[in-house]
Amino acid sequence: MSIVTVQLGQCGNQIGHEVFSALCSDIRGTHGLCSKKENESYQDSCKERFFCEEESGVPVARAVLVDMEPKVISQTLSMAARSGHWKYSSHSHFCQKQGSGNNWANGYFVHGPKHKEAIVDLVQKEAEKCDRLGGFFTIMSMAGGTGSGLGAFVTQCLRDAFPASFILNHVVWPYGTGEVIVQNYNSVLTLSHLYHSSDALLVHENDVIHKICAQLMNIKQISFRDVNQVIAHQLGSVFQPTHTAGGGSGYSRNPLGDLMETLVPHPEFRMLGLRNIPQMPESSLPYSTFSWPGLIKHLRQMLIANAQMEEGIDWQVRPPHPGSSIPSTNKALHFNTSIANLVILRGKDVHGVDLGSFQDPSLYTSWLNPQDAFNAWKTPRAFNKYEKSAALVSNSQFLLKPLDSIVGKAWNMFASKAYLHQYTKFGIQEEDFLDCFTTLEQVISSYTNL
Amino acid sequence: SALSLPFAVGQCGNQVGCRFWDLALREHAAVNKKGIYDEALSSFFRNIDTRSGDNGPDIYKGKICSLKARALLIDMEEGVVNEILQGPLRDVFDSKHLITDVSGSGNNWAVGHKIYGCQYRENIVEKLRKTAEHCDCLQCFFIIHSMGGGTGSGLGTFVLNLLEEEFPEVYRFVTSVYPSGEDDVITSPYNSVLAMKELNEHADCVLPIENESLFEIVNKIHQMTNSGKLGSTVKQNSLVTSSAGSTKTLQAKPFDTMNNIVANLLLNLTSSARFEGSLNMDLNEISMNLVPFPRLHYLVSSLTPLYTLADVNVPSRRLDQMFSDAFSRDHQLIQADPKHSLYLACALLVRGNVQVSDLRRNIERLKPSLHFVSWNQEGWKTGLCSVPPVGHSHSLLALANNTCVKPTFIELKDRFMKLYKKKAHLHHYLQIDGMEQSCFSEAISSLSDLIEEYNELDATKGGPRIDPSRLKIAV
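Residues numbered from 1 in each chain as written. Chains lettered and ligands numbered in written order. Predicted model: local features only at pLDDT ≥ 70, side-chain atom pairs only at ≥ 80, totals over all residues. Heavy atoms only, no water.

### Observations concerning the side chain of Arg381(A)
Residue and element names in this part refer to chain A. Put simply, the rule reads: Secondary structure elements follow DSSP: runs of H or I of four or more residues count as helices, runs of E of two or more count as strands, with numbering from the N terminus. As used in this structure description, the phrase polar contact means that two N or O atoms lie within 3.5 Å; if the pair is within protein, one of them must be able to donate a hydrogen and the other to accept it, and residues adjacent in sequence are counted only when both atoms belong to side chains. By the convention used here, residues are in contact when the closest approach between their heavy atoms is within 4.5 Å.
Relative to the assigned elements, Arg 381 resides in the loop between strand 12 (374-379) and strand 13 (388-396). A polar contact of 2.8 Å, which involves the side chain of Arg 381, links it to the side chain of Asn 39. When near neighbours in sequence (up to four residues on either side) are disregarded, Arg 381 contacts Asp 26, Ile 27, Gly 29, Gly 32, Cys 34, Glu 38, Asn 39, Tyr 42, Tyr 251, Arg 346 and Gly 347.

So this is what it looks like as structure tokens:
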């Protein structure tokens, strides 16, 4: 099954490029550590999922690039072409000149309706190239104007045009201390709208990835490219082919569907966080060995203690004793309650790994059977030169604090009416803002009371 | 790409404008080695096939043939504009760009605004439309002028009004040179206050500049480069005051060094719209992020570094020094101290080899010493442009919406009132058709209201922080 990626705005296009780059580099690598047959099956599955074959033999990414100004798309297209290993189709991008001015309302109410036909048309064309369409993967930031506003509009259009398809939105949360002054407004507007049209939101926070770059990857002068490459690695570890539990011997034929089924049992809870272990500079890989029990132990504690990476984990946090758990005790322990978790294992000796610790009922909220709440996907084919790697996709309280912080700051600004004139001139009303705040307070409340 | 259209109005405006186009050509020549007409160049220049003369067709791709500025030069005296047309920039401009007269405005805002405004309205609209026709997508108008005289101030603000009427969707940025207390034009307070009303009501963003600040920066550079304090040689073309490497070979005029600073301000402001980077910042984003309430649109600017030493290796200490300098009193382009006043918002546009971690490190470092308004504690807008200015490996432009502009406005009001109370020189204005006493009272009222808005904000500084209670959801 194939996935069509829609790259929206500067962030979406910059990350999208790194994702396809990482996927391509992974399948070209000879570090699969598995049988030739397995490796070929993996390569074929990845290619079918993300790339199209052309006569020239160079794989063409199944992607649509959208931006309201030309520089980033132009750069993205040429960087891909220069790699020689893959490229974007020359007809799959849509571009304007003006930009969105960091204004969500401009993206949603002006650019959206104006360019709807052209954009959906491009997506339609990409979808038609797929033998079987597995759904859509959109990449956007929620801080600016295009990815956020136009992105929210496009998501809605995709929902209307493809009612039976899965839509997964990858949303990048900006650094807490401003990239954009009105980022909290744009974020509230984006998240509340996406909640109504998307199947799930897979979130990366710039602050978290930045720490990984600094402490785990040892990068001194961290650039956005560095951040995007870590994000791409984490996404690749989720989206590269795997065997799902009931999938028999073949790779999963419905990756997005499987993801939704395992992780989003209830429409009120759509926010997914992502953790990956181990993470280190490529140069250190040959000198490191890991054991699965060690990796699993760390990953589980990262989940429980809501650690952002494998360093600095608070080992004091423990799950509450059965029978004593009420939400308020959990909060005091900073214990992260889950609705559903998915662990994806790749590499050497995966099939023997014991994941029983993730099925502990005390990790989960009471209204799901732990057997249903936890899933594991495995593949012996190693990913991106890591002999062993594990990814955790979690529908839990991971994002509760950051979400609450964003809503709080936006509310504070809204109460003083600052910047509202910039939005209202593009068609949004104060009541619309209030509706969005209400939606998100509801989400916060739901996750708090797990 | 989305284009910016500069209008130079009046003597000061055109002197700055002249430096601007010269340095713009220098900047693009440094980046564009193959002489190809690219997207970046197209934001300020058209490319004309001159085989059929000056009215030749635009060439959108390929080699540079003949560059023409996208601009209008307006002056009611001929001196400055004639110099431009006879100087090294003569090929970049032709009659399509010019609106001139001979007699000047006599340092009278009313002459510029009412008389010349009326007289040249049609001419201006026509030339404006023609220029805009050649622009694929117009994002922003820049007006460059001074406030204290007659043409720049009066006709300049007339043009501002005109732009709003004819192209309401296009942003209007105004770079205004404010007169100092010792200005030799006696009526400069009248001209400035009358112009301020127009800026209050019709500009999207104003970048006030004060000659004293430019003068102090010029002196500081002069001292540093001549004192022998600097270990290595200073790269001449890196001086923010320098014309080195541009087309100007004649003896520099006294104001050239100061005008180069303003020209560099505009180049840096538009750099992220012209050149690529990992976090682009367009002009419409500046307006969006830095103007929380419509009338509070006055932005204090600072440029660093003022010069570069010849050694290429820049340790991060020096990079951090660049950020510190941007917040120091003596790098601001008006006489103001943002550190001790209240920030409503702040933008940092970095150029060159600077990454997001450098930006973050410095924001974290400087934040504690700055006062931000309670509803915008993290009010930072940032941009990263890969291409540095000529002669530098990196640079920083800081734009602050800060209550430190207030003293400038208060002083202006005081100087105005000194004259107005005695009705000094008032008759020169009132005898102009369309001018009445109410023009003056409305103008000073508009300025007073603006000052009051800043006062109210200042009153909140250091006060208790009470966050509004959040919406309650029924569980």
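The rest of the description comes next.
### Things to note about empty space enclosed by the protein
Our working definition: Here a cavity denotes grid points, spaced 1 Å and computed from the protein atoms alone, that fit a 1.4 Å probe unable to get out, and a pocket denotes an open set having protein on both sides within 12 Å along at least 5 of 7 lines; residues with an atom within 4 Å of a point are the lining. Grid points are joined across faces, edges and corners, and a volume is the space filled by probe spheres set on the points. Under the scheme applied here, ten amino acids are nonpolar (Ala, Val, Leu, Ile, Met, Phe, Trp, Tyr, Cys and Pro), four are charged (Asp, Glu, Lys and Arg), and all others, including Gly, are polar.
Applying the stated rule across the entire model yields eleven cavities of 30 Å³ or more. Approximately 510 Å³ is the volume attributed to the largest cavity. Contributing to the lining of the largest cavity are 35 residues, with Gln10(A), Cys11(A), Asn102(A), Gly144(A) and Leu279(B) lying nearest its centre. Considering each element in turn, the lining of the largest cavity owes the most residues, four residues, to helix 1 (residues 9-28) of chain A. For the lining of the largest cavity, the residue count by class is eleven nonpolar, 18 polar and six charged. Looking at the second largest cavity, its volume works out to about 160 Å³. Looking at the second largest cavity, it is lined by 18 residues, and the ones nearest its centre are Val240(B), Asn264(B), Asn268(B), Pro389(B) and His392(B). Mapped by element, the contributors of at least two residues to the lining of the second largest cavity are helix 1 (10-31), helix 8 (256-274), strand 9 (300-304) and strand 13 (394-402) of chain B. Taken together, the residues of the lining of the second largest cavity sort by class into nine nonpolar, seven polar and two charged.

### Let's talk about helix 7 (residues 211-226) of chain B
All names here are of chain B. Quick reminder of the rule: In a helix, the anticipated span is given by 1.5 Å times the number of residues less one. Under the scheme applied here, a residue whose accessible area is under 20% of the maximum for its type counts as buried, over 50% as exposed, and between as partly exposed, the area being computed with a 1.4 Å probe on protein chains only. This arc corresponds to the set of directions leading from the helix axis out to the C-beta atoms.
Along its 16 residues, helix 7 runs 22 Å from first to last C-alpha, staying within 8% of the 22 Å computed at 1.5 Å per residue. The complete set of buried residues in helix 7 reads Ser 213, Leu 214, Ile 217, Val 218 and Ile 221. Buried positions in helix 7, seen along its axis, are confined to an arc of 140 degrees and lie on one side of it. Away from its buried face by more than 90 degrees, helix 7 exposes His 222, Gln 223 and Asn 226. Contacts made by the buried residues of helix 7 are with strand 8 (205-210) and helix 8.

### Remarks on the domain arrangement of chain B
All names here are of chain B. So the rule is basically this: Start and end points for every domain follow an automatic or database-based domain assignment. Each reported salt bridge corresponds to a side-chain nitrogen of Lys or Arg within 4 Å of a carboxyl oxygen of Asp or Glu.
Domain parsing of chain B yields domain 1 (2-244 + 254-406) and domain 2 (407-460). Computed over C-alpha atoms only, the centres of domain 1 and domain 2 are separated by 26 Å. Facing 37 residues of domain 1, the contacting portion of domain 2 comprises 35 residues. The tally of links between domain 1 and domain 2 comes to two salt bridges. Among the ionic pairs, Glu 453 bridges to Arg 295, the shortest N-O distance being 3.2 Å. Taken together, domain 1 and domain 2 are joined by 15 residue pairs in polar contact (both at pLDDT 80 or more). Elements with a minimum of two residues in the side of domain 1 that touches domain 2: helix 4 (109-133), helix 6 (188-202), strand 10 (342-352) and strand 13. Among the elements that make up the side of domain 1 that touches domain 2, the one with the highest residue count is helix 6 (nine residues). Taken together, the residues that form the side of domain 1 that touches domain 2 break down as 20 nonpolar, twelve polar and five charged.

### Thoughts on the side chain of His331(B)
Residue and element names in this part refer to chain B. With respect to the helices, strands and loops of the structure, His 331 is situated in the loop between helix 10 (316-326) and strand 10. Under the relative-accessibility criterion, His 331 is labelled buried at 4%. A polar side-chain atom of His 331 sits 3.5 Å from the main-chain carbonyl oxygen of Asp 325. When sequence neighbours within four positions are dropped, the list of residues in contact with His 331 reads Ile 217, Lys 220, Ser 301, Ser 302, Leu 303, Thr 304, Leu 306 and Asp 325.

### As for the interface of chain B and chain A
Cut-off, in case you're wondering: Using a 1.4 Å probe, buried area is obtained as the accessible area two parts lose upon being combined, added over both of them.
If you look at the interface, chain B gives 58 residues, while chain A gives 52 residues. Roughly 4,400 Å² of surface becomes buried between chain B and chain A when both sides are summed, with 52% attributable to carbon and sulfur atoms. Taken together, chain B and chain A are joined by four salt bridges. Among the salt bridges present, the one from Glu378(B) reaches Lys409(A), with a minimum N-O distance of 3.4 Å. Mapped by element, the contributors of at least two residues to the side of chain B that touches chain A are strand 6 (138-146), helix 8, helix 9 (283-290), strand 10, helix 11 (356-366) and strand 12 (380-385) of chain B.

### Overview of the sheet that holds strand 7 (residues 171-178) of chain B
All names here are of chain B. Using the following cut-off: Only when DSSP finds a minimum of two bridges between them are two strands counted as paired. Here the axes come from fitting lines to C-alpha atoms, over the contacting stretch only for helices, and the angles between their N-to-C directions go from 0 to 180 degrees.
With parallel pairing, six strands are arranged side by side in an open sheet as 5-4-1-6-7-8. Whereas interior strands pair on both sides, the edge strands pair on one side only; in this sheet they are strand 5 (98-100) and strand 8. Across the sheet, the mean angle separating the axes of adjacent strands is 15 degrees when strand polarity is ignored. Where strand 1 (residues 3-9) lies against strand 6, six bridges are found, and the strand directions are parallel. For Pro 6, the partnering residue across the bridge sits in strand 6 and is Phe 142. Its contacts with the sheet put helix 5 (residues 151-166) on strand 1, strand 4 (72-75), strand 6 and strand 7, and the angle it makes with strand 6 is roughly 165 degrees.

### Regarding the environment of Asn376(B)
With respect to the helices and strands, the residue Asn376(B) is situated in the loop between strand 11 (371-372) and strand 12. By relative accessible area, Asn376(B) is classed as buried at 3%. Measuring from C-alpha to C-alpha, the distance between Asn376(B) and Leu344(B) comes to 6.7 Å, with 32 residues separating the pair along the chain. Setting aside its immediate chain neighbours within four residues, Asn376(B) contacts Ile181(A), Met413(A), Tyr419(A), Leu344(B) and Ala345(B). Here the side chain of Asn376(B) touches Tyr419(A) through a polar contact of 3.3 Å, side chain to side chain.

### Topic: the packing of aromatic side chains
Remark: the centre distance and the inter-plane angle together describe each pair of aromatic rings, the angle taken between the planes. Applied cut-off: Each Phe, Tyr or Trp ring, with Trp reduced to its six-membered ring, pairs with another whose centre is within 6.5 Å; inter-plane angles below 30 degrees give stacked pairs, above 60 give edge-to-face pairs, and intermediate values give tilted ones. Throughout this description, the term charge over a ring refers to an Arg CZ or Lys NZ atom that lies within 6 Å of the ring centre and within 35 degrees of the ring normal.
Following the criterion strictly, the structure yields 45 aromatic pairs over all chains and no others. Between the aromatic rings of Trp86(A) and Tyr88(A), the centroid separation amounts to 4.9 Å while the plane-to-plane angle is 70 degrees, which identifies the pairing as edge-to-face. You'll find Trp86(A) and Tyr88(A) in the same group, each marked buried. Between the aromatic rings of Phe141(B) and Phe167(B), the centroid separation amounts to 5.6 Å while the plane-to-plane angle is 70 degrees, which identifies the pairing as edge-to-face. One end of the pair, Phe141(B), is in strand 6; the other, Phe167(B), is in the loop between helix 5 and strand 7, and 26 residues separate them in sequence. Here Phe141(B) and Phe167(B) have matching classes, each one buried. Clustering of aromatic rings is evident, with ring pairs tying together Tyr185(A), Trp411(A), Phe414(A), Tyr423(A), Phe433(A) and Phe437(A). Over the face of the ring belonging to Tyr195(A) we find Arg270(A), whose NZ or CZ atom lies 5.7 Å from the ring centre.

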